[in-house]
Amino acid sequence: MELTIRMHRLTLPVLLILLALGAASTGVARAQEQRLYAGVTALASQLGASVDKRVDTRAPDTLVPEPRRGRLLHDRDTGETAAYGPGLLAGYRHPVIGNALYVGVEVDVAFDSDAVQSQFQGIGESAGRNQLGESWPDHWTFDSGRNYGVSVRLGVAAGPLRTWDASVYALVGLRRTDGAYTTRFNGCLSPMLCSSAPDTPDFVSGTDSRELDFQGTTLGIGFERWVRQRVAIRIELRHTQYDDEVWVAPFDEVGVTVPTAVGGEQSGLMVSLARTF
């Protein structure tokens, strides 16, 4: 899926320009001449997921009986969880305007496998909202796995920051996370009403899983301070907005389709320790 950056994120170039103007005075931050670096990270974040589910019974050959046929039901649910995990990073920085301003490129990978869980309310007239043609109250889980990205950074190390052997920076980047979306369902796939009574169709239960590869855009700000000649510690706030993953589940035997869109976002605090070479 092609990555897109939403228009409201155009405020970032303005921030970068202001940071560059603030670097008019010159200073030399210790160890900035060593441009290659690598390190370890620890991330604490809030991982959120949203699911849009539609149940479409408008097909001419649908077996959904009246009054449930000929409709498009829209069900939406969201969930979130706290995520923690370690990671690795490597990058390259290049000083400009003396050493008061620098630009850099960084790649990192994080391992914060956590799961967002929730349940749809369901839409329908039946007591369980799980007859054919209704939007069933499915339980769902989004289980995140490894995520990795690349970012471009602009930092300032001038004025009082030079005295502290420190810098502040802004970043923009692209990120991808590999995960799985799973639903647990219990509903009716028969044109006749399902129930536990004799001589009626029974409800069907099961689990459906799908691998998802979210891609999105990251924005962030950070503070870095050199604690030894070649070692720096950083604290970074970042937010990633992932693009939706969209698919359609067809139930051809009863003439029903279920388009689904899953989106995600992650906001967190990352602490890292890096060494230059």
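Parameters and conventions
Along each chain, the written sequence defines residue order, and numbers are assigned to residues from 1. Selection of residues for local features in this predicted model requires a pLDDT of at least 70, selection of side-chain atom pairs for listing and counting requires 80 or more, and totals for whole chains, interfaces and linings are taken over all residues. Only heavy atoms go into the side-chain values, all of them from the structure, while hydrogens and water stay out. Only DSSP runs of H or I reaching four residues or more are called helices, and only runs of E reaching two or more are called strands; each is numbered from the N terminus. Classification of residues uses two cut-offs on accessible area relative to the type maximum, computed with a 1.4 Å probe and protein chains only: under 20% is buried, over 50% is exposed, and between them is partly exposed. Contacts are assigned to residue pairs that have any heavy atoms within 4.5 Å of one another. For accessible areas, the Shrake-Rupley method is used with a probe of radius 1.4 Å. Any residue's cover is judged against the shown protein chains and nothing else. Disulfides are defined as pairs of cysteine sulfur atoms found within 2.5 Å of each other. Between 30 and 60 degrees the pair is tilted, below 30 it is stacked and above 60 it is edge-to-face, where a pair is any two Phe, Tyr or Trp rings, Trp via its six-membered ring, whose centres lie within 6.5 Å. Our definition puts a charge over a ring when NZ of Lys or CZ of Arg is within 6 Å of the ring centre and also within 35 degrees of the ring normal. What makes two strands pair is DSSP finding at least two bridges between them. Nonpolar core, defined: a set of buried Ala, Val, Leu, Ile, Met, Phe, Trp, Tyr and Cys residues in which side-chain atoms within 4.5 Å join the residues together. By convention in these notes, a salt bridge is any Lys or Arg side-chain nitrogen within 4 Å of a carboxyl oxygen on Asp or Glu.

A few points about the overall build of the protein chain
Next up, step 1: Counting its secondary structure elements, the protein chain contains two helices and nine strands.
Next up, step 2: Along the protein chain, helices (α) and strands (β) appear in the sequence α-β-β-β-β-β-α-β-β-β-β when read from the amino end.
Next up, step 3: Every one of the 277 residues in the protein chain was classed for burial, and the buried ones make up 47%.
Next up, step 4: Pairs at least 24 apart in sequence give 74% of the contacts found in the protein chain among residues at least 6 apart.
Next up, step 5: Split by element, the accessible area of the protein chain, about 13700 Å² in all, is 60% carbon and sulfur.

Some words on the environment of glutamate 211
Next up, step 1: Summarising the element assignment, glutamate 211 is placed in strand 7 (residues 204–226).
Next up, step 2: In the structure, glutamate 211 is positioned 68 residues away from aspartate 143 in sequence and 9.6 Å away in space, judged by C-alpha atoms.
Next up, step 3: Once residues lying within four places of it in the same chain are set aside, the contact partners of glutamate 211 are Gly179 and Ala180.

Observations concerning the state of the cysteines
Next up, step 1: Within the structure shown, the criterion is met by one disulfide.
Next up, step 2: Note that cysteine 188 is cross-linked by a disulfide to cysteine 194, the S-S spacing being 2.0 Å. Judged by the sign of its S-S torsion, about 65°, the cystine formed by cysteine 188 and cysteine 194 is right-handed.

Digging into the packing of aromatic side chains
The geometry of an aromatic ring pair is captured by the separation of the ring centres together with the interplanar angle, meaning the angle of the planes.
Next up, step 1: Scanning the entire structure with this criterion turns up five aromatic pairs.
Next up, step 2: An aromatic cluster is defined as three or more aromatic residues linked by ring pairs; in this entry it consists of Trp140, Tyr181 and Trp247.
Next up, step 3: One residue, lysine 53, lies across the ring of phenylalanine 120, its end atom 4.5 Å from the ring centre.
Next up, step 4: The positively charged end of arginine 93 is found above the aromatic ring belonging to tyrosine 37, 5.7 Å away from the centroid.

Concerning the pairing of strand 3 (residues 101–111)
Next up, step 1: As paired elements, strand 2 (residues 72–96) and strand 3 share 10 bridges and run antiparallel to each other. Across the sheet, residue histidine 94 finds its bridge partner in strand 3, namely valine 103.
Next up, step 2: Counted along the chain from strand 2 to the antiparallel partner strand 3, the turn is four residues long, and its residue isoleucine 97 has a positive phi close to 50°.
Next up, step 3: Of the strand pairs in this sheet, strand 3 and strand 5 (residues 139–156) are connected by 11 bridges, and their pairing is antiparallel.

Describing the nonpolar core
Next up, step 1: Residues Trp140, Phe142, Tyr181, Leu212 and Val262 are the most contacted members of the largest nonpolar core, which totals 14 residues.
Next up, step 2: Listing elements by their share of this core, those giving two or more residues are strand 1 (36–56), strand 5, strand 7 and strand 8 (231–251).
Next up, step 3: If we ignore the near neighbours within four places in the chain, the residues touching phenylalanine 142 are Leu47, Ala49, Asp114, Ala115, Val116, Gly179, Ala180, Leu212 and Phe214.
Next up, step 4: Core analysis: the second largest hydrophobic core is formed by seven residues, Leu73, Leu132, Val254 and Val258 among them.

Observations regarding unusual backbone geometry
Next up, step 1: A cis amide bond links glutamate 66 to the next residue, proline 67, at an omega of 5°.
Next up, step 2: Relative to the helices and strands, proline 67 resides in the loop between strand 1 and strand 2.
Next up, step 3: In this structure, arginine 129 takes a positive phi of about 50° despite not being glycine.
Next up, step 4: Its relative accessible area of 27% is what places arginine 129 among the partly exposed residues.
Next up, step 5: Phi at aspartate 199 is positive, roughly 65°, even though this residue is not glycine.
Next up, step 6: Checked against the element boundaries, aspartate 199 lands in the loop between strand 6 (166–187) and strand 7.

Re the pattern of salt bridges
Side chains carrying opposite charge are able to pair once their charged atoms draw close together.
Next up, step 1: Applying the stated criterion to the full structure yields 14 salt bridges.
Next up, step 2: A salt bridge links arginine 234 to glutamate 106; its shortest N-O distance comes to 3.0 Å. Of this pair, arginine 234 sits in strand 8 while glutamate 106 sits in strand 3, and the two are 128 residues apart along the sequence. Comparing arginine 234 with glutamate 106, the two get one shared label, buried.
Next up, step 3: Its salt-bridge partner being glutamate 236, residue arginine 238 comes within 2.8 Å of it at the nearest N-O pair. One exposure class covers both arginine 238 and glutamate 236, and it is buried.
Next up, step 4: Here the salt bridges share partners, and the residues they tie into one network are Glu106, Asp108, Arg153, Arg175, Arg234, Glu236 and Arg238.

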